Amino acid sequence: MHSEFLRPLAAIVGEAHVLTDERDTAGHFTDWRKQYYGRAECVVRPANTGEVAEIVKLCGRENVAIVPQGGNTGLSGGATPVGAQREIVLSLSRMNRIRHVDPLDDSLVAEAGCVLANVQQAAEAAGRYFPVSLAAEGSCQIGGILSTNAGGVNVLRYGNTREQVLGLEVVLPDGSVWDGLRSLRKDNTGYDLKQLFIGAEGTLGVITAAVLKMRARPSASTTAWVALETPAAAVELLGRLRDRVGECVSAFELVSRRCLEAVLAHAHDTQDPFAAVHPWYVLVELEDASTFESLQSRLEASLAECIEQGKARDAAIAASHLQAAALWRIRESIPEAQFANVKHDVSVAVSRVPLLIERAEAALAKAFPGVQSYIFGHVGDGNLHYNVGDRGLQARRSDVNRIVYDVVASLDGSISAEHGLGQLKREEIKRHKQALELELMRTLKRALDPNGLMNPGKVL
Ligand code: FAD
Ligand code: 2HG
Ligand code: ZN
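Structural notes, computed from the coordinates. Quick caveat: nothing in here was measured; it's all calculated off a predicted structure. (Residues numbered from 1 in each chain as written. Chains lettered and ligands numbered in written order. Predicted model: local features only at pLDDT ≥ 70, side-chain atom pairs only at ≥ 80, totals over all residues. Heavy atoms only, no water.)

On to the coordination of the zinc ion (ligand 3). Note on the zinc ion (ligand 3): its protein donors are His-378 (NE2), His-385 (NE2) and Glu-418 (OE). The metal-donor distances range over 1.8 to 2.1 Å. Mapping the donors of the zinc ion (ligand 3) onto the primary sequence yields the spacing H-x6-H-x32-E. With His-378 in strand S17 (residues 373–378) and Glu-418 in the loop between helix H13 (397–410) and helix H14 (435–448), this residue pair connects regions lying 40 residues apart in the sequence. Of the residues examined, His-378 reaches a relative accessible area of 4% and is grouped as buried. (Donors = N, O, S within 2.8 Å, 3.2 Å for Na, K, Ca; no water. Helix = DSSP H or I, 4+ residues; strand = E, 2+ residues; numbered from the N terminus. Buried < 20%, exposed > 50% of the residue type's maximum accessible area, 1.4 Å probe, protein only.)

Structure follows, in structure tokens:
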């Protein structure tokens, strides 16, 4: 290690964990979609909270900024260095221990670098369930999902990642360690500090561990692929299902025909669940503590009723786990199948989803005749991934964004439902948040990170 900065860094974590060779760092200096490329002095890989604290103190003394990085699956460029000042990437991957599983408290303590799928498995091994689920779950990490407050496909029933957290351990920008690893279900002792760091995208500190809630493991689940005429039919179907089966609707995902076609062309192990072509689909999943047969017959009856009344065009209910997995494979392949287009991760009130699609499609067609949209997402949460065009449209990205975001604003929606602001929406957010809200955010940032060394160039 030859620089005056890298040598003390290596003294903290060991030389092997300060990466400077381009072959080791390249993957850390760009994002999953390869939309952002940055440079940093190194990638440093601490093994524990004490090492993170020492690194943060050293960076403070040397005026070097820190970019926390988890699984690097984020879709807003939040984990990529911007390179405007001296920076390091702080990879949490080695901090991947489940410290404790407590079936009586119904909670577990996971370090920030635990891969989400491993946390799901740890809960399962204890006979319990950790409900956050998304297509990147084999790579994204607890620190990343907390820092983006990730959504995913089970928000409808269990809430966002924020709702799964009881306590946090955080290294603050001055290097002090906040031990908030409590598993209290009730604690009204002033400000709920953990909420500051959840969704902060690494701009207020480094999350090093979390106490996560576990849930009862559903004994039965059933999955169906339903063909629909319109997005309005999807919203109506959700209401009907809730009337008939109550709170057990755990996923309700919209997929447009164009998304399905992109998947069929991209993922060779997928096939269209229906022989006929339909304009829209939803993937529905129900879970509860009954039996597969009971759940399936309730879903069957509700869907049959909808088809009879002309509210749905067709439905295929998975007869086995394998068939359910094949339906999920279609849904989870969408992000990769339409890799190159202009993305929007937006939300409106659920009832306004049809209006959002109608208005945005009309405005886009006017500005870009013939343009194609790839619309899918968590319609049960009012959250659409409204992705437009192909690689050729990238050069007009800001015009496309403006059209979609103006429609979202006209419907009182949000321009970032689940992926965060990162670098991608840092400028755009200024048009959408109240001046007072932005100033409150800046006040918090200044109070916690007066030297601006935590993930600069992101969020604010
Ligand atoms: P990273 O990408 O490494 O980082 C994300 C942000 O968190 C960055 O700002 C980073 O600086 C910060 N950060 C990371 N770790 C820490 C830490 N320990 N302390 C402080 N800050 C930290 N997102 C959804 O919400 N719902 C989905 O359904 C969904 N599906 C996806 C499907 C695919 C195929 C892909 C590629 C992505 C998907 N995402 C989804 C986006 C992404 O997976 C999530 O944002 C995830 O939460 C990011 O986790 P990560 O560990 O990869 O974080
Ligand atoms: C999903 O729901 C993710 O699959 C990714 O949030 C969304 O690729 C996208 O636009
Ligand atoms: Zn999503």
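So that's the structure; there's more coming.
Moving on, we come to the sheet that holds strand S14 (residues 280–288). Spatially, S15-S12-S14-S13-S17-S18-S16 is the arrangement adopted by the 7 strands of the open sheet, whose pairing is antiparallel. The open sheet has two edge strands, strand S15 (314–317) and strand S16 (345–347), and neither has a second partner. Recorded for the sheet is a direction-independent mean angle of 20° between the axes of neighbouring strands. Running at roughly 60° to strand S12 (residues 220–228), helix H11 (residues 321–337) makes contact with S12, strand S13 (249–256), S14, S15, S17 and strand S18 (383–388) of the sheet. (Pairing = 2+ DSSP bridges. Axes fitted to C-alpha atoms, helices over the stretch in contact; angles between N-to-C directions. Contact = heavy atoms within 4.5 Å.)

The next point concerns the packing of helix H9 (residues 257–266) against H11. Closest axis-to-axis distance for the H9/H11 pair is 9 Å, and the angle between their directions is 85°. By the angle between their directions, the pair H9 and H11 is classed as roughly perpendicular. Only Ile-330, Ser-333, Ile-334, Glu-336 and Ala-337 of H11 make contact with H9, whose side of the interface consists of Cys-259, Leu-260, Ala-262, Val-263 and His-266. Broken down by class, the residue content of the contact of H9 with H11 amounts to 7 nonpolar, 2 polar and 1 charged. (Parallel < 35°, antiparallel > 145°, perpendicular 65-115°, else oblique. Nonpolar A, V, L, I, M, F, W, Y, C, P; charged D, E, K, R; others polar.)

For the rest of this paragraph, the subject is helix H12 (residues 353–367). Counted at 1.5 Å a residue, the expected span for H12 with its 15 residues is 21 Å, and the 21 Å between its end C-alpha atoms agrees. Those residues of H12 lying buried are Val-353, Pro-354, Leu-356, Ile-357, Ala-360 and Leu-364. When H12 is viewed along its axis, its buried side chains cluster within an angular range of 155° and face the same direction. In H12, the exposed positions angled more than 90 degrees off the buried face are occupied by Glu-358 and Lys-366. (Expected span 1.5 Å × (residues − 1). Arc of directions from axis to C-beta.)

Further remarks concern the site of ligand 1. Surrounding ligand 1, one finds 36 residues, the nearest of these being Pro-68, Gly-70, Gly-71, Thr-73 and Gly-74. Backbone polar atom of Gln-141 to an oxygen atom of ligand 1: 2.8 Å apart, as the coordinates give it. Interatomic distance of 2.9 Å between a backbone N/O atom of Ile-207 and a nitrogen atom of ligand 1. Protein coverage of the free-state accessible area of ligand 1, which is 970 Å², stands at 97%. Taken together, the elements giving at least two residues each to the shell around ligand 1 come down to strand S3 (65–69), helix H5 (142–148) and strand S10 (206–213). Looking at the shell around ligand 1 element by element, the count peaks at 5 residues for H5. Within the shell around ligand 1, the residues separate by chemical class into 15 nonpolar, 19 polar and 2 charged. (Near = heavy atom within 4 Å. Polar contact = N/O pair within 3.5 Å; in protein donor to acceptor, adjacent residues only side chain to side chain. Areas by Shrake-Rupley, 256 points an atom, 1.4 Å probe, with all protein chains shown as cover.)

A few words now on the packing of aromatic side chains. We describe a pair of aromatic rings using the distance from one ring centre to the other and the angle between the two ring planes. On inspection of all chains with the given rule, the structure shows 4 aromatic pairs. With a centroid separation of 6.3 Å and 15° between ring planes, the pair formed by Phe-274 and Tyr-281 is classed as stacked. For Tyr-281, a relative accessible area of 0% gives the class buried. Through successive ring pairs, a cluster of aromatic residues spans Trp-225, Phe-274 and Tyr-281. It is Arg-86 that lies over the ring of Phe-5; its NZ or CZ is 5.4 Å from the centre. (Phe/Tyr/Trp six-rings, centres within 6.5 Å; stacked < 30°, edge-to-face > 60°. Lys NZ or Arg CZ within 6 Å of the ring centre and 35° of its normal.)

Following both chains from N to C, one finds helix H8 (residues 231–245) and H12 inclined at 170°, their axes separated by 8 Å at the closest point. Put simply, H8 runs roughly antiparallel to H12. For the pair H8 and H12, the contacting residues are Pro-231, Ala-232 and Val-235 in the first and Val-353, Pro-354 and Ile-357 in the second. Class assignment for the residues of the contact of H8 with H12 results in 6 nonpolar, no polar and no charged.

So, about the site of ligand 2. Neighbouring ligand 2 are the residues Leu-75, Arg-331, Pro-335, Gln-338, Lys-343, Phe-376, His-378, His-385, Asn-387, Glu-418 and His-419. One nitrogen or oxygen atom from the side chain of Arg-331 is found 2.6 Å from an oxygen atom belonging to ligand 2. Measuring from an oxygen atom of ligand 2, one finds a side-chain N or O atom of His-378 at 3.0 Å. Notes on ligand 2: free accessible area 290 Å², of which the protein chains cover 89%. Residue classes in the shell around ligand 2 are distributed as 3 nonpolar, 5 polar and 3 charged.

Strand-to-strand pairing in sheets goes through backbone hydrogen bonds, with the strands running parallel or antiparallel. Reading across from one edge, S1-S2-S4-S3 is the order of the 4 strands in this open sheet, with mixed pairing throughout. The outermost strands of the open sheet, each flanked by one partner alone, are strand S1 (18–19) and S3. Two elements, S3 and strand S4 (residues 87–91), share 5 bridges in a ladder whose sense is parallel. Within S4, the residue paired with Val-67 across the bridge is Val-89. The strands that helix H3 (residues 49–62) touches are strand S2 (43–44), S3 and S4; relative to S4, the one it contacts most, it runs at about 175°.

Spatial relationships are all this shows, so hold off on functional conclusions.
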